[in-house]
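As a plain string of letters, each chain reads:
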Amino acid sequence: MTVEACKLNARRVACGGVMWSTLAVLGGCQALSSGTEGLEHERVEASFVERDCPAGRCATVEVQSLRFPDAPRLSERLRDELLTMGTGITDGESEMLAPSWEAYAQTFFDEARAAREQVPELPGYQALFEAEIYDRHADLMTLKLDSYVFTGGAHGMPLTEFMVIDERERRVVTLDDMLIDGQMPAYRDALTQAHRRWLDEQQADADFAETWPLSMNRNVAPLAGEWRVRYNAYDIAPYAYGQPELRIPVEALEGVVKPRYLER
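So, here's what we can say about the structure.

Conventions we followed
Residues numbered from 1 in each chain as written. Predicted model: local features only at pLDDT ≥ 70, side-chain atom pairs only at ≥ 80, totals over all residues. Heavy atoms only, no water. Helix = DSSP H or I, 4+ residues; strand = E, 2+ residues; numbered from the N terminus. Buried < 20%, exposed > 50% of the residue type's maximum accessible area, 1.4 Å probe, protein only. Disulfide = S-S within 2.5 Å. Contact = heavy atoms within 4.5 Å. Polar contact = N/O pair within 3.5 Å; in protein donor to acceptor, adjacent residues only side chain to side chain. Core = buried A, V, L, I, M, F, W, Y, C linked by side-chain atoms within 4.5 Å.

Right, let's get into the overall build of the protein. The number of helices and strands found in the protein is 6 helices and 11 strands. Per-residue burial over the protein gives 44% buried out of 264 residues.

Shown next as structure tokens:
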């Protein structure tokens, strides 16, 4: 089957008060990879639209993610990480991780309907999720996971998480996996230095630094020349600053991080 034929097979489905369209679940029709080695990956895109809602105020859920056809556990891990990013943000009471995007959308729409009963003019709820390859080198694939959930108010809440996959071992690795045993204090020192450089770049004064102190962060992207540490809104700065990113040169991590994760 060609890619175009595969796309033509996308269809709209209505079920249980939720309408969704699979825009492109390409499966084996369009496997993407950087070559013969490493993990193959496919794009997965889906759109969910609330039904029987006021015109212009229907809730929506949009997903643009990835799937690894030869590593289903990694695919599930990625899906669950994105679902976690959208859980507990709304005013609803649901804190349970949804088992699927369809289930998440249904719960999201239920919460939107309940909110409209209290505030009929409430704008439509929005939930956007995206996963993309942020960096790939030395058999390390770093994914950037983004979510944006809007449930009324002045703005929605953006979140960003990095997911690092060791392609040699086909597993997700965390900061603790990458650090040499006993070197967490040294990592914190390197992070503190990066924060000071960021404050200088922002021309932030002492009052700013005191009001928005540095917090520990394990959300790292190990690039070839530097590590990037992403914070979310309100972590170390006001919302207007977006999602601050601190940068640690790899030279500052020698003897702190296992050599495997400093390869270029």
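Moving on from the model shown.
On to the environment of Gln202. Structurally, the position occupied by Gln202 is in the loop between α5 (184-201) and α6 (206-211). On the basis of relative accessibility, which here comes to 31%, the residue Gln202 falls in the partly exposed class. Spatially, the C-alpha atoms of Gln202 and Tyr241 are 9.5 Å apart, while their sequence positions differ by 39 residues.

Turning our attention to the state of the cysteines. Enumeration according to the criterion identifies 1 disulfide in this entry. A sulfur-sulfur distance of 1.8 Å marks the disulfide that ties Cys53 to Cys58. Handedness here is read from the sign of the S-S torsion; for Cys53 and Cys58, about 100°, the answer is right-handed. For Cys53, a relative accessible area of 18% corresponds to the buried category. Cys58 gets classed as partly exposed once you look at its relative accessible area, which sits at 25%.

With respect to the secondary-structure elements, Asp235 resides in the loop between β10 (226-230) and β11 (245-249). With 18 residues separating them in the primary sequence, Asp235 and Asn217 have C-alpha atoms 9.6 Å apart. Non-local contacts of Asp235, meaning those with residues more than four positions away in its chain, are made with Pro213 and Ser215.

So, on to the side chain of Arg230. With respect to the helices and strands, Arg230 occurs in strand β10. Among the polar contacts listed, one links the side chain of Arg230 to the side chain of Glu245, at a separation of 2.9 Å. If we skip the residues at most four places from it in the chain, Arg230 touches Tyr134, Lys144, Thr160, Phe162, Asn217, Asn219, Gln243, Pro244 and Glu245.

Within the secondary structure, Gly255 sits in the segment after β11. Considering only alpha carbons, one finds Gly255 and Ala186, 69 residues apart in sequence, at a separation of 9.1 Å. Setting aside its immediate chain neighbours within four residues, Gly255 contacts Ile180 and Gln183.

Looking now at the nonpolar core. One finds Val61, Phe68, Leu78, Tyr104, Phe108, Leu143 and Ile165 to be the most contacted residues of the largest nonpolar core, which totals 35 residues. Elements supplying a minimum of two residues to this core: β3 (42-50), β4 (60-67), α2 (72-85), α3 (101-118), β5 (126-137), β6 (140-150) and β7 (157-166).

Purely geometric stuff here, so don't read any function into it on its own.
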